[in-house]
Amino acid sequence: MRSARHFNYTIKVLGRGEPWKGGDYMTTPGGGQKVRLLKAGLQEMKEEDKVILFIDSYDVVFASGPKELLKKFQQTRHKVVFSAETLIWPDRHLEDKHPHFREGKRFLGSGGFIGYVPNLKEMVADWTGEDNDSDQLFFTKIYINPEKRKSINITLDNRCRMFQNLHGSLDEVVLKFEDGQVRARNVLYDTLPVVVHGNGPTKINYLSNYIPTVWTFETGCSGCLEDLRPLSGLKSEYPLVVIGIFIQQPTPFVSVFFESLLKLEYPKNRLKLFIYNQEQHHEVEVSSFLKDHEKAYQGVKVIGPEENMDRVASRNLGLDMCRQDKDCEYFFSMDIEVVLKNKDTLKILIEQNDSAGFKSLSADGYYARSEDYVDIVQGRRVGVWNVPYLTKVYLVKASLLHEELSSNDLFSSGTLDLDMAFCHNARNKVILTPFASISQGVFMYVTNMHTFGRMLSTENYQMSHLHNDLWQIFENPKDWEERYIHENYTKIMRDKLIETPCPDVYWFPLFSDIGCDHIVQEMENFGQWSGGRNTDTRIQGGYENVPTIDIHMTQINYEKEWQKLLLDYIAPITETMYPGYYTKFDLAFVVRYKPDEQPFLRPHHDASTFTINIALNQKVLDYQGGGCRFIRYNCSVEAPRKGWALMHPGRLTHYHEGLRTTAGTRYIAVSFVDP
């Protein structure tokens, strides 16, 4: 309605005040009530030259005025023009009956059409359906009937000159900034549609950040650098901040979160911590952090799983800790899923002087449904963005907690989850006066003027292992890499870190110390080491010619993750060193060598095209002796470096043996690769 008023459209709302009986037609066919209402509304209209625009309402915005719309309609030389869609709905079996266009979309969209009154009357004259019948199917059957299509003179706006349906077409549409007006531009057809329809599950939520001049390419964000609160050179103490940390579900890399918290560039004597931990599983990480660092902070309050406090109460209590402290100026809320990479995050948000959070990179985040999501995340559009929803990490001014947000329960609102409830209560806060109810909506912002970090995915996080983070290579690959891959791995090619200790044997860094330790500890925790016998039911054929005392990756359900590791981190190297080979392991296992168990491995060929051998602990520190000797070349690698991988051919040329371990325990991870 706001955009309609802006462009002086005359609006008549059909069915105002009537209950909706058209069904949930976003997921199942429905919407017949609209046809009934249109049919009744057209009966009142007698002018044969009148043009009617029929559109859905709550998910539609006008990008231009009636003059342009009428001009484009008349240029079609048809009496009725429907919006067009990429996707066919609701009956795919009718696809072949739709007329073909040399260019453009083939399928009818019932959420927007324009036409002359007589033609529209003829089109809906035969409607006798129920309110929950499909309006889209009704209009589609008229359109694909050649006689009716010709009689009514119907066509589709197949190049989106008038109507732009967003469902299935988001990649086609960008915002166009020109002469102070924002338009939606279809880049596929190079058109400027007049009506933009967020049909189906695709809605429009972001235009207010641009219209009319809030953000332009010429000026960027107007006002982003105004009213800042600089902290550099501050003569007095830094503002006191209460940091609320919320652990509400099993989450990977919790210890890494606390490491990042310690790195925040902010005086710890001006920080208080409120830690809510609902998960017994994470008590170890919380206790370890507090044991080593609690005294550095001005104060710490912990709510553990034994207190059985619900999530809503914990959020309200966190705000209360700031609200009840007269010196507290900000509350900084962080869910444990936050990966904070910018050590200046807290100072930046305080200096921005707005209640703000940083922009989440989550694929299903709020901006994921808007055209500007990628531009904002990738920094092509930089600013502070007014949004209706914040989650995971945000800064709140204490002054708001004493005034507009003084309620003791900001995280409850009907059936909404706590984050949605908080944002709803902030946006729609109402103060009752003797004369009126006054809206005191609190604006919320995200900023992408700096890079702050990212969010973890907590989906599929299993807690059945000792080191569950090892299994996160699929869900959180970047975090997995930072934790478990050697810090010099990315320099292998650039700095030529691949060594050749023996002919056709390549040596390079792969695992971090923590990665090695966690693999060893995981295997020892599993504990079911083989007996080193020839009979082995774990392998095809049941017989091992050169047995070792080992545990297979399949035994701890790590084979898919190990294959991912090989493809992402080993394959780029094998493709350089052994061109033409595809990296797929046939067998992967961890071997244990002990003087009183299996101290060495006799000379043998591996059952592989090439083999990956990774040292999982450190010579001298963890064991004595050990290593690998390639007999044909009389060449040995006797001091394998922890985390480094040794890659060598398996069959024919590289007959080798495992040298004797004389003290301690040596661990290696072995992969047989057979392209």
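Scroll up to find the structure this text is about.
Residues numbered from 1 in each chain as written. Predicted model: local features only at pLDDT ≥ 70, side-chain atom pairs only at ≥ 80, totals over all residues. Heavy atoms only, no water.

Student: Tell me about the overall build of the chain, residues and numbers included.
Tutor: On a plain count of helices and strands, the chain comes out with 16 helices and 36 strands. The C-alpha atoms of the chain give 33 Å as radius of gyration, which overshoots the globular expectation for 675 residues (26 Å, by more than 25%). Viewed in the frame of its principal axes, the chain has a C-alpha envelope of about 100 × 70 × 45 Å. Residues counted as buried form 51% of the 675 residues belonging to the chain. (Helix = DSSP H or I, 4+ residues; strand = E, 2+ residues; numbered from the N terminus. Rg over C-alpha atoms; globule rule 2.2 N^0.38 Å. Buried < 20%, exposed > 50% of the residue type's maximum accessible area, 1.4 Å probe, protein only.)

Student: Quick one: what's the story with the state of the cysteines, residue by residue and with numbers?
Tutor: On inspection of all chains with the given rule, the structure shows three disulfides. Paired by a disulfide, cysteine 322 and cysteine 328 hold their sulfur atoms 2.1 Å apart. What sets the handedness of the cysteine 322 and cysteine 328 disulfide is the S-S torsion sign, and at about -95° it is left-handed. Each sulfur of the disulfide joining cysteine 502 and cysteine 635 lies 2.0 Å from the other. Measuring the twist about the S-S bond at about -85°, one finds the cysteine 502-cysteine 635 disulfide to be left-handed. Taken together, the residues span a long stretch of sequence, with cysteine 502 in strand E24 (residues 499-502) and cysteine 635 in strand E32 (residues 635-637) at a distance of 133 residues. On the basis of relative accessibility, which here comes to 3%, the residue cysteine 502 falls in the buried class. (Disulfide = S-S within 2.5 Å.)

Student: Run through the environment of threonine 661, naming residues and quoting values.
Tutor: Mapped onto the elements, threonine 661 comes out in strand E35 (residues 661-664). Remark: the alpha-carbon pair of threonine 661 and proline 599, spanning 62 residues in sequence, is separated by 4.9 Å. In this structure threonine 661 touches Tyr593, Pro595, Pro599, Tyr623, Gln624, Gly625, Gly626 and Arg666, once residues within four positions along its chain are discounted. (Contact = heavy atoms within 4.5 Å.)

Student: Kindly report on the packing of aromatic side chains, identifying the contributing residues and their values.
Tutor: One pass over the full model with this rule turns up 28 aromatic pairs. Taking 4.8 Å as the distance between ring centres and 75° as the angle between the ring planes, the aromatic pair formed by tryptophan 471 and tyrosine 558 counts as edge-to-face. Here tryptophan 471 is found in the loop between strand E23 (453-455) and helix H14 (477-484), whereas its partner tyrosine 558 is found in the loop between strand E26 (550-552) and helix H16 (559-577), with 87 residues between them in sequence. The burial state of tryptophan 471 is the same as that of tyrosine 558; both residues are buried. Among the aromatic residues, ring-to-ring pairing joins Phe54, Phe82, Phe113, Trp127, Phe138 and Phe139 into one connected group. A cation over a ring is seen here: lysine 79 above tyrosine 116, with NZ or CZ 4.8 Å from the ring centre. Against the face of tryptophan 507 rests arginine 641, its NZ or CZ located 4.2 Å from the ring centre. (Phe/Tyr/Trp six-rings, centres within 6.5 Å; stacked < 30°, edge-to-face > 60°. Lys NZ or Arg CZ within 6 Å of the ring centre and 35° of its normal.)

Student: Let's hear about the packing of helix H7 (residues 254-262) against helix H8 (residues 283-293): which residues, and what values?
Tutor: Where H7 meets H8, the axes come as close as 9 Å, and the angle between the chain directions of the two elements is 25°. Comparing the axis directions of H7 and H8 gives the class roughly parallel. Crossing of H7 against H8: the hand is right-handed. Contacts between H7 and H8 pair Val254, Ser255, Phe258, Leu261 and Leu262 from the former with Glu285, Val286, Phe289 and His293 from the latter. Considering only residue class, the contact of H7 with H8 consists of six nonpolar, two polar and one charged. (Axes fitted to C-alpha atoms, helices over the stretch in contact; angles between N-to-C directions. Parallel < 35°, antiparallel > 145°, perpendicular 65-115°, else oblique. Left-handed = near helix turned anticlockwise from the far one by under 90°. Nonpolar A, V, L, I, M, F, W, Y, C, P; charged D, E, K, R; others polar.)

Student: Go over the sheet that holds strand E6 (residues 163-165), please, and point to the residues and values.
Tutor: Pairing in this open sheet of three strands is mixed, and the strands run E2-E9-E6 from one edge to the other. The sheet is open, and its two edges are formed by strand E2 (60-62) and E6, each paired on a single side. Sheet twist, expressed as the average angle between the axes of neighbouring strands with direction ignored, equals 15°. In terms of strand pairing, E6 meets strand E9 (residues 195-197) through three bridges, oriented parallel. In the sheet register, asparagine 165 faces E9, and the bridge partner there is histidine 197. (Pairing = 2+ DSSP bridges.)

Student: Describe in detail helix H4 (residues 117-124), supporting the description with residues and values.
Tutor: Those residues of H4 lying buried are Val117, Asn119, Leu120, Met123 and Val124. Burial along H4 is one-sided: seen end-on, the buried residues are contained in an arc of 165°. (Arc of directions from axis to C-beta.)

Student: Explain the sheet that holds strand E5 (residues 154-157) to me, and be specific about the residues and the numbers.
Tutor: Taking strand neighbours across the sheet as the criterion, the four strands line up as E1-E4-E3-E5 in an open arrangement whose pairing is mixed. Lying at the two open borders of the sheet, with one neighbouring strand each, are strand E1 (51-55) and E5. The average angle at which neighbouring strand axes cross in this sheet is 30°, direction not considered. The pairing of strand E3 (residues 80-85) with E5 spans four bridges and is parallel. Considered in E5, the bridge of valine 81 is made with threonine 155. Lying on the sheet, helix H3 (residues 66-75) is in contact with E1, E3 and strand E4 (107-116); it crosses E4 at an angle near 100°.

Student: Give me helix H9 (residues 311-323): which residues, what numbers.
Tutor: For H9, which comprises 13 residues, the first-to-last C-alpha distance of 18 Å matches the rise-based estimate of 18 Å (1.5 Å per residue) to within 8%. Of the residues flanking the start of H9, the one acting as N-cap is aspartate 310, its side-chain oxygen 3.1 Å from the backbone nitrogen of valine 312. (Expected span 1.5 Å × (residues − 1). Polar contact = N/O pair within 3.5 Å; in protein donor to acceptor, adjacent residues only side chain to side chain.)

Student: Residue-level account of the environment of isoleucine 492, with values.
Tutor: Residue position: isoleucine 492 is located in the loop between H14 and E24. Residue classification places isoleucine 492 among the buried residues on the basis of a relative accessible area of 3%. For the pair formed by isoleucine 492 and phenylalanine 452, sequence separation is 40 residues and the distance between their alpha carbons is 28 Å. Aside from chain neighbours lying at most four places away, what touches isoleucine 492 is Leu497, Ile498, Phe508, Pro509 and Ile573.

Student: Can you tell me about the nonpolar core, naming the residues and giving the values?
Tutor: Core analysis: the largest hydrophobic core is formed by 44 residues, its most contacted members being Trp480, Phe511, Trp562, Val590, Ile614 and Leu616. Counting residues per element, the ones that place at least two in this core are H14, strand E25 (505-509), helix H15 (513-526), H16, strand E27 (585-593), strand E29 (610-615), strand E33 (644-649) and strand E36 (666-673). Residue contributions to this core peak at six residues, all from H16. Residues in contact with tryptophan 480, not counting those within four places in the same chain, are Phe253, Asp469, Leu470, Gln472, Ile473, Ile485, Phe511, Tyr558, Leu565 and Tyr569. Core analysis: the second largest hydrophobic core is formed by 34 residues, Phe177, Leu319, Met321 and Leu410 among them. (Core = buried A, V, L, I, M, F, W, Y, C linked by side-chain atoms within 4.5 Å.)

Student: Lay out the side chain of serine 83 with the relevant residues and their values.
Tutor: By the secondary structure assignment, serine 83 is in strand E3. Side-chain polar atoms of serine 83 contact the side chain of asparagine 165, separated by 3.1 Å. Not counting residues up to four positions away in its chain, the partners in contact with serine 83 are Phe107, Leu108, Gly109, Gly112, Leu156, Phe163 and Asn165.

Student: Quick rundown of the packing of helix H2 (residues 32-43) against helix H5 (residues 135-143)? Include the residues and the values.
Tutor: Packing of H2 against H5 brings their axes to within 7 Å, and their N-to-C directions diverge by 65°. Between H2 and H5, the angle is such that the two are roughly perpendicular. Residue-level contacts link Gly32, Lys34 and Val35 of H2 to Asp135, Phe138 and Phe139 of H5. In terms of residue class, the contact of H2 with H5 is made up of three nonpolar, one polar and two charged.

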